[in-house]
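Listed below, chain by chain, are the residues.
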Amino acid sequence: MIRTIAGTARISTKIIKDGSVAGRDCFCEKLEQKFYNRIEKYKHSQFDYIGKSLHSILPTKLIQVEKIPPKESIYNGAVILAQEIERTIPADVVGYIVSLKPGAKKNHFGGVSMEVLMHEIRHLFHYFTNPKIPNRIYRVSKLREGENNFEQFFVNNFQSPVRPSISKIETEKLLKKEKGHSTDILQFLRYKLIDEIGAYNSGEKFAAQYRAKKTPQTELDCQSQIQTLFLREKLVMISDMLKNTLKAERGSLKNAMPG
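Okay, so let's go over this structure. (Residues numbered from 1 in each chain as written. Predicted model: local features only at pLDDT ≥ 70, side-chain atom pairs only at ≥ 80, totals over all residues. Heavy atoms only, no water.)

## Some details on the sheet that holds strand β2 (residues 63–67)
Here three strands make up an open sheet; going across it, the order is β2-β5-β3 and the pairing mixed. Looking at the sheet topology across the chains shown, the edges are occupied by β2 and β3 (77–82). Taking the axes of each pair of neighbouring strands and ignoring which way they run, one obtains an average angle of 20° across the sheet. Sheet topology places β2 next to strand β5 (residues 95–100); five bridges connect them, and they run parallel. Along β5, the bridge assignment pairs Ile-63 with Tyr-96. (Pairing = 2+ DSSP bridges. Helix = DSSP H or I, 4+ residues; strand = E, 2+ residues; numbered from the N terminus. Axes fitted to C-alpha atoms, helices over the stretch in contact; angles between N-to-C directions.)

Dropping the structure here:
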């Protein structure tokens, strides 16, 4: 039987010890802090130090760090599920590819904006400590082969400053088109929102610390992307939709059972 997430793409609960949501998040945050402490010590940063630092923290895991060509993508970073072509490992996801765009002039490490770097590092460690997230991403990707795997829908309707009411309307339209997959899609959107809230929070927090160390001066606080994109409000909305969908599905199963 093929396992979805290989041991090289997740951290065992034996190591995490506390398998609760809070326990996994705490372990993820410790990894983030460990990575930040390591790169902060470099007086002169280089791009390849990012990969070396990650491999020193998680030496038995499969992580590839690569540069995004300046003109190739509008995105500054991404963490992509990695699959093995030869299939020598019995799993669908064997590791992760961390793609980062260098070229930042200020507040950067190895040319990568510190905010972008720590945002993507949060995604990476969150996948390792919460394998149900990459598992759900992979499962939902198989529902729409060759159609961007719902990622673009999430970017357009959730990871953008559209109002939650509009996000809900668009999600309801999507669920009508994808009948029979409502629970999987809503779980996917819920996990993605939780993941993005954590990533934006980490990126902004560590970027502020790094900036304060490099240029110690008072700066005006900017509104968090979490607020700008209404991510918390969208999470509440999607959680309610998921709750109602599960309730309706249980009711249908109950009614279908012989009396």
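Right, picking up where we left off after that structure.
## Side note on the side chain of Glu-196
Assignment of secondary structure puts Glu-196 in helix α8 (residues 182–214). Within the local environment of Glu-196, its side chain forms a polar contact with the side chain of His-123, the two groups lying 3.3 Å apart. (Polar contact = N/O pair within 3.5 Å; in protein donor to acceptor, adjacent residues only side chain to side chain.)

## A word on helix α4 (residues 114–129)
Two residues of an α-helix separated by three or four positions point the same way, owing to the 3.6 residues in each turn. In this model α4 runs 22 Å from its N-terminal to its C-terminal C-alpha over 16 residues, within 8% of the 22 Å that 1.5 Å per residue would give. Where burial is concerned, most of α4 is hidden: 15 out of the 16 residues are buried. (Expected span 1.5 Å × (residues − 1). Buried < 20%, exposed > 50% of the residue type's maximum accessible area, 1.4 Å probe, protein only.)

## Digging into helix α3 (residues 48–57)
For α3, every residue scored as buried is listed here: Tyr-49, Ile-50, Gly-51, Ser-53, Leu-54 and Ile-57. Summarising the contacts, the buried residues of α3 are in contact with α2 (21–40), β2, β5, β6 (108–109), β7 (112–113) and α4. (Contact = heavy atoms within 4.5 Å.)

## Let's talk about unusual backbone geometry
The backbone of Lys-17 sits at a positive phi, close to 75°, despite the residue not being glycine. Looking at the element boundaries, Lys-17 is found in the loop between α1 (13–16) and α2. Looking at Lys-17, the relative accessible area reads 73%, which means it is exposed. Even without being a glycine, Phe-230 presents a positive backbone phi close to 55°.

Keep in mind that these numbers describe shape and distance, not what the molecule does.
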